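The chain contents come next:
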Amino acid sequence: MSTTVKAAVFSALGAPPEIRDLVLPDPGPGQVRVRIAAAGVCHSDLSLSNGTLAQKWPAVLGHEGAGTVEAVGEGVTSVSPGQHVILNWAPACRACWFCRNDEPHLCKHALDRAAVPYAHLTDGTPVHPGLGCGAFAEATVMDADAVVPLPDGLDPAAAAVLGCAVLTGWGAVNNSAAVRAGQSAVIMGLGGVGLSALQAARLAGADPVIAVDVSPAKEELARSLGATEFLLADEHLFKAVRALTGGRGADHVFEVVGSAKVVRTAWNISRRGGTITVVGVGSAHDEVTFNALELFHQARTLRGCVYGSSDPARDVPIVAESVRSGDLKLAAMVTDEIPLEGVAAAFERMSQGKGGRSLIRF
Ligand code: CXF
Ligand code: ZN
């Protein structure tokens, strides 16, 4: 048996998505089929589509999603049909060196499933799931350990953004950088991940919370989500951040763009002894330089951050509680609700730095 669904299929590197019929096999042992309620369009999807990140083709991209378990395969006990779940693009094996070292976000096997076809087109062509998820489709089949139960009281469509943007941005602030109340925080880049980091910094009690973007159109949204200051990413940035941080520079700077130039600026606007957390996914061809003396003398910490150092099984309930209490606002980060046909336009907005999250609603 199988299930045929509509999916945005990318046939090859650089090809635009096309809406095609996708044939999903019934969930095998240890697998589940999830009917997707909504899927967010992440910058990493664009990076996969254009070759900045590796991907096998054809593929259904989309790794930020939530929905309802529709069917479970043999031996699945962790979730049952009807249950709401979030997709986890980096499921931890819990057995490798990194998992046993309490770094499940660095699991050696996190992305293994992305390389293996999970479905096929009606002509039999095998299709790969972007980051193991394939969320740009009406349904997907995944390992049961790659879905996380959504706590009661949260609408799965609204909660889809938890799956990447929120776990990454919130986790960068709370898990990776462990921002404390009263520390200054700068968030550079206000897409879905940056807006999540911004809210997390506010909730952690950071002060000031300085939002930075190239687009002045982001100011109103940034302030409404807790930025105490908004600065344009221009030649005045260094002085403006110094002026807001006692002349020192910021305790924490979050780079949520994925560019060597922005990483270097993030370094420049942090204080001596401060921390720069690189959340944005950059390119292997984009190099950032530091001289050996400044690395030593500035005593700053420059840290990469994958999936907000999060463990979705541990962190989704915490984040969900913040959503339920009204502290963490999800709907405000979604600036464009789109149909499945809207992925290409969402990519275009992202490459122009426009808008927050685009969310496909099924
Ligand atoms: C990315 C990070 C780089 C590998 C693929 C996933 N994170 C989220 O979008
Ligand atoms: Zn993502």
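Residues numbered from 1 in each chain as written. Chains lettered and ligands numbered in written order. Predicted model: local features only at pLDDT ≥ 70, side-chain atom pairs only at ≥ 80, totals over all residues. Heavy atoms only, no water.

- As recorded in an unreviewed UniProt entry, the protein chain goes by Zn-dependent alcohol dehydrogenase and comes from Nocardiopsis lambiniae.
- Listed under Sequence similarities (unreviewed entry) in UniProt, the entry text for the protein chain is "Belongs to the zinc-containing alcohol dehydrogenase family."
- Quoted straight from UniProt, the Cofactor (unreviewed entry) entry for the protein chain says "Zn(2+)". (UniProt positions renumbered as here; feature names shortened; annotations may be inferred.)

## Quick look at the site of ligand 1
Here is step 1 of the chain: Around ligand 1, the neighbouring residues are C42, S44, H63, W89, L131, C164 and V281.
Here is step 2 of the chain: Contacts to ligand 1 include S44, whose side-chain N or O atom sits 2.5 Å from an oxygen atom.
Here is step 3 of the chain: At a separation of 3.1 Å, an oxygen atom of ligand 1 approaches a polar side-chain atom of H63.
Here is step 4 of the chain: Taken by itself ligand 1 offers 270 Å² of open surface, and the protein chains cover 80% of this.
Here is step 5 of the chain: Here the residues of the shell around ligand 1 sort into 5 nonpolar, 2 polar and no charged. (Near = heavy atom within 4 Å. Polar contact = N/O pair within 3.5 Å; in protein donor to acceptor, adjacent residues only side chain to side chain. Areas by Shrake-Rupley, 256 points an atom, 1.4 Å probe, with all protein chains shown as cover. Nonpolar A, V, L, I, M, F, W, Y, C, P; charged D, E, K, R; others polar.)

## Focus on the coordination of the zinc ion (ligand 2)
Put simply, the ideal angle at a metal is 109.5 degrees for four donors in tetrahedral geometry and 90 or 180 degrees for six donors in octahedral geometry.
Here is step 1 of the chain: All of the protein donors around the zinc ion (ligand 2) are C42 (SG), H63 (NE2) and C164 (SG); their distances to the metal are 2.0 to 2.2 Å.
Here is step 2 of the chain: For the zinc ion (ligand 2), the 4 donor atoms in the first shell make angles of 98 to 127° at the metal, so the coordination geometry reads as tetrahedral.
Here is step 3 of the chain: Each donor residue of the zinc ion (ligand 2) belongs to the same chain, and together they define the spacing C-x20-H-x100-C. With H63 in the loop between strand 4 (59-60) and strand 5 (64-72) and C164 in the loop between helix 3 (156-159) and helix 4 (165-176), this residue pair connects regions lying 101 residues apart in the sequence.
Here is step 4 of the chain: Residue H63 is classed as buried on the basis of its relative accessible area, which comes to 1%.
Here is step 5 of the chain: The class for C164 is buried, based on a relative accessible area of 5%. (Donors = N, O, S within 2.8 Å, 3.2 Å for Na, K, Ca; no water. Tetrahedral: all angles 85-135°; square planar, octahedral: opposite > 155°, others 65-115°. Helix = DSSP H or I, 4+ residues; strand = E, 2+ residues; numbered from the N terminus. Buried < 20%, exposed > 50% of the residue type's maximum accessible area, 1.4 Å probe, protein only.)

## Here we look at the UniProt feature "domain: Enoyl reductase (ER)" (unreviewed entry) in the protein chain
Here is step 1 of the chain: In the UniProt entry, the feature "domain: Enoyl reductase (ER)" (unreviewed entry) is given for residues 8-360.
Here is step 2 of the chain: Secondary structure within residues 8-360 divides into 26% helix and 26% strand; the distance between the first and last C-alpha atoms comes to 11 Å.

## Topic: the side chain of S196
Here is step 1 of the chain: Within the fold, S196 resides in helix 5 (residues 192-203).
Here is step 2 of the chain: Aside from chain neighbours lying at most four places away, what touches S196 is A165, V166, G169, W170 and M333. (Contact = heavy atoms within 4.5 Å.)

## Some words on the pattern of salt bridges
Here is step 1 of the chain: Counting across every chain of the model gives 15 salt bridges.
Here is step 2 of the chain: D26 is the partner of R33 in a salt bridge, and the nearest nitrogen-oxygen pair spans 3.7 Å.
Here is step 3 of the chain: Taking relative accessible area as the criterion, R33 reaches 11% and is therefore assigned buried.
Here is step 4 of the chain: Residues R223 and E219 are paired through a salt bridge, measuring 2.9 Å at the closest nitrogen-oxygen approach. Of this pair, R223 and E219 both sit in helix 6 (residues 219-224), 4 residues apart, which is roughly one turn of that helix.
Here is step 5 of the chain: Put simply, D26, R33, R35 and E70 are held in one network by salt bridges that share partners. (Salt bridge = Lys/Arg side-chain N within 4 Å of Asp/Glu carboxyl O.)

## Examining the environment of Y118
Here is step 1 of the chain: For Y118, the position within the fold is in the loop between helix 2 (97-100) and strand 7 (119-121).
Here is step 2 of the chain: Residues Y118 and V141 lie 23 residues apart in sequence; the distance between their C-alpha atoms is 7.3 Å.
Here is step 3 of the chain: Other than its neighbours up to four places away in sequence, Y118 contacts L22, L24, P25, V60, V127, H128, P129, G134, T140 and V141.

## Observations regarding helix 7 (residues 237-244)
Each full turn of the α-helix corresponds to 3.6 residues, which orients residues three or four apart in the same direction.
Here is step 1 of the chain: Every buried residue of helix 7 is listed here: L237, V241 and R242. Viewed end-on, helix 7 has its buried residues packed into an arc of 130°, placing them on one side of the element. Exposed side chains of helix 7 directed beyond 90 degrees from the buried face belong to K239 and A243.
Here is step 2 of the chain: Looking at the buried positions of helix 7, the neighbouring elements they touch are strand 11 (185-188), strand 12 (209-213), strand 13 (229-232), strand 14 (250-255), helix 8 (260-269) and strand 15 (270-278).
Here is step 3 of the chain: One or two residues past the end of helix 7 sits G246, with phi positive at roughly 60°. (Arc of directions from axis to C-beta.)

## Structural notes on the pairing of strand 1 (residues 2-10)
Here is step 1 of the chain: Pairing analysis gives 8 bridges linking strand 1 to strand 2 (residues 18-25), with the strands arranged antiparallel. Looking across to strand 2, one finds that T4 is bridged to V23.
Here is step 2 of the chain: Two strands pair when backbone bridges link them, and strand 1 and strand 4 are joined in this way by 2 bridges, in the antiparallel orientation. Each residue of the ladder has a partner; that of V9, found in strand 4, is V60. (Pairing = 2+ DSSP bridges.)

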